[in-house]
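# Geometric and topological summary
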Amino acid sequence: MSSTIQTFYHNTGLINYAYDRLDSKKWNIIAKGIGELRRFRVEEASHKIAKFINFPRPEVQRETQLYMVNLFLFEGLSFLDELTTTLSEWAQIQLLETLQKFENQEICDIRPWLKSTNDSVVLFALKLAQIYNQFEVKDTLMELLSHTNKDVRLNTINVLTHLYGIEAKDILKANFNTLSIEEQISFFGLLEKLVMPDDEPFIEEHLFHKNFEIQLLALNILKEINIDKYMGFSKLSNKEKSKAMIKSENTI
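All of the points below concern the structure found in this document. Predicted, not measured: the structure shown is a model, and the values here were computed from it.

### Remarks on the overall build of the protein chain
Looking only at helices and strands, the protein chain has 16 helices and zero strands in total. Counting across all 252 residues of the protein chain, residues that qualify as buried make up 48%. Counted over contacts in the protein chain with a minimum sequence separation of 6, partners at least 24 positions apart contribute 63%. Total accessible area on the protein chain is roughly 13900 Å²; 51% of this is exposed by carbon and sulfur atoms. With 29 positive and 35 negative side-chain charges, the protein chain shows a spacing of 7 Å between the two charge centroids.

Rendered as structure tokens:
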């Protein structure tokens, strides 16, 4: 049926109306033309549509992006190489939903996008790394721990946690005091998953951290690796205990 409709679309000349819309001065007409060519899966229009990647109107950008990915899947993500505008969170969700409709795909090399100068492209590539378990990009992820954008650094820690990136643990531990509170919390999430006995002094050092969530995470990790020391804190007076210790006891 799909092939029949495509043939009808070409033979009746309706395709030419869509092409004409691409030459319009009005953004909404252009967007409509791209959307129509996507629905009828006109692959040969890609060279005409690609020029709208950085179009000023986000509606046209979004239709262009959806066209590329719907028709060419991961190959269609090549538009990220040229993208200079911001890839919105909503656009990222739509692209990911499109890609996940198709099983058994071979994902392309995402490292160039992780190194992009466009931060929104980097953030999207981090989502790809996590969803598609890209263990092979760990070295590139390690470089992103020192990225200038805090959101990139924060998401990188979360991806490394998902990928069991134990290589990041010592680096983050050494630079812990320079991290934002959000990054520190994320690091403790990584530590909770990848903790080793030799992490105990670091954990104990942060049982009285100024942030309650970090206190609680540190306490929970200590409980896992040294239950005797954890129980020993119950002997402290309430004045000597952290808020997390008091809360932990009250929930037992």
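### Focus: the packing of aromatic side chains
On inspection of all chains with the given rule, the structure shows nine aromatic pairs. When the centroid spacing of 5.7 Å and the interplanar angle of 75° are considered together, the rings of Phe176 and Phe188 count as edge-to-face. A residue pair is termed long-range when its members are at least 10 positions apart, and Phe176 in the loop between α11 (167-174) and α12 (181-194) and Phe188 in helix α12 qualify at twelve residues. Residues Phe176 and Phe188 agree in their burial class; the two are buried. With a centroid separation of 5.9 Å and an interplanar angle of 25°, the aromatic rings of Phe188 and Phe202 are classed as stacked. With a gap of 14 residues between them, Phe188 in helix α12 and Phe202 in helix α13 (residues 200-205) connect regions that are remote in the sequence. Each member of the pair, Phe188 as well as Phe202, is classed as buried. A connected cluster of aromatic rings, assembled from ring pairs, spans Phe176, Phe187, Phe188 and Phe202. Residue placement shows Lys48 over the ring face of Tyr19; its charged tip is 5.7 Å from the ring centre.

### Considerations on α12
Given 3.6 residues per turn, any residue in an α-helix points the same way as the ones three and four places further on. Here α12 is 14 residues long and its end C-alpha atoms lie 20 Å apart, about the 20 Å a rise of 1.5 Å per residue gives. Within the span of α12, buried status applies to Glu183, Gln184, Ile185, Ser186, Phe187, Phe188, Leu190, Leu191 and Leu194. Along its buried surface, α12 packs onto α10 (150-162), α11, α13 and α14 (212-225).

### Details of the nonpolar core
Counting 76 residues, the largest nonpolar core has Leu77, Leu128 and Phe188 as its most contacted members. Looking at this core, the element that brings in the most residues is helix α8 (residues 119-131), giving eight residues. In contact with Leu128, not counting residues within four places along its chain, are Phe74, Leu77, Leu96, Leu99, Ile107, Ile110, Trp113, Asn133 and Gln134.

### Some points on the side chain of Arg153
Mapping Arg153 onto the fold places it in helix α10. Excluding residues within four positions of it along the chain, Arg153 makes contact with Leu144, Leu145, Ser146, His147, Thr148 and Glu183.

### Some details on the environment of Lys241
By the secondary structure assignment, Lys241 is in the loop between α15 (227-232) and α16 (243-250). Here the alpha-carbon distance between Lys241 and Leu207, two residues 34 residues apart in the chain, equals 9.3 Å.

### A few points about the environment of Glu224
For Glu224, the location among the structural elements is in helix α14. Among the residues examined, Glu224 registers a relative accessible area of 65% and is labelled exposed. Considered as a pair, Glu224 and Met196 are 28 residues apart in the sequence and their alpha carbons are 10 Å apart.

### Here we look at the pattern of salt bridges
Tallied over the full model, the rule gives eleven salt bridges. Two residues, Glu183 and Arg153, come together in a salt bridge whose shortest N-O distance is 2.8 Å. You can see Glu183 sitting in helix α12 and its partner Arg153 sitting in helix α10, a full 30 residues away along the chain. The residues Glu183 and Arg153 share a single accessibility class, namely buried. One continuous salt-bridge network, built from bridges that share partners, spans Lys169, Lys173 and Asp199.

### Focus on the environment of Arg39
Residue placement: Arg39 occurs in helix α3 (residues 27-39). For Arg39, a relative accessible area of 56% corresponds to the exposed category. Taking the C-alpha atoms as reference points, Arg39 and Ile185, separated by 146 residues in sequence, lie 44 Å from one another.

Rules used in this analysis
- Starting afresh in each chain, residues are numbered from 1 along the sequence in its written order.
- For a predicted model such as this one, the threshold for reporting local features is a pLDDT of at least 70, and the threshold for listing and counting side-chain atom pairs is 80 or more; totals across whole chains, interfaces and linings nevertheless cover every residue.
- The basis for every side-chain value is the complete set of non-hydrogen atoms in the structure, without hydrogens or water.
- By definition, any uninterrupted DSSP run of H or I lasting at least four residues is a helix, any uninterrupted run of E lasting at least two residues is a strand, and each is numbered from the N terminus.
- Throughout this description, buried means an accessible area under 20% of the type-specific maximum (1.4 Å probe, protein chains only), exposed means over 50%, and partly exposed covers the range between.
- For this analysis, residues touch if any pair of their heavy atoms sits within 4.5 Å.
- Working definition of accessibility: Shrake-Rupley area with a 1.4 Å probe, residue cover restricted to the visible protein chains.
- In this charge count, Lys and Arg are treated as positive and Asp and Glu as negative; neither His nor the chain ends contribute.
- Lys charges are placed at NZ, Arg charges at CZ, Asp charges at CG and Glu charges at CD.
- Any pair of Phe, Tyr and Trp rings, taking the six-membered ring for Trp, is counted once the centres come within 6.5 Å. Such a pair is stacked with planes under 30 degrees apart, edge-to-face with planes over 60 apart, and tilted for the rest.
- Charge-over-ring placement is defined geometrically: NZ (Lys) or CZ (Arg) within 6 Å of the ring centre, and within 35 degrees of the ring normal.
- By this rule the span expected of a helix is its residue count minus one, scaled by 1.5 Å.
- Each nonpolar core is a collection of buried residues, namely Ala, Val, Leu, Ile, Met, Phe, Trp, Tyr and Cys, held together in the definition by side-chain atoms within 4.5 Å.
- The term salt bridge refers to a pairing of a side-chain nitrogen on Lys or Arg with a carboxyl oxygen on Asp or Glu at a separation within 4 Å.

These values are about where atoms sit, not about what they do.
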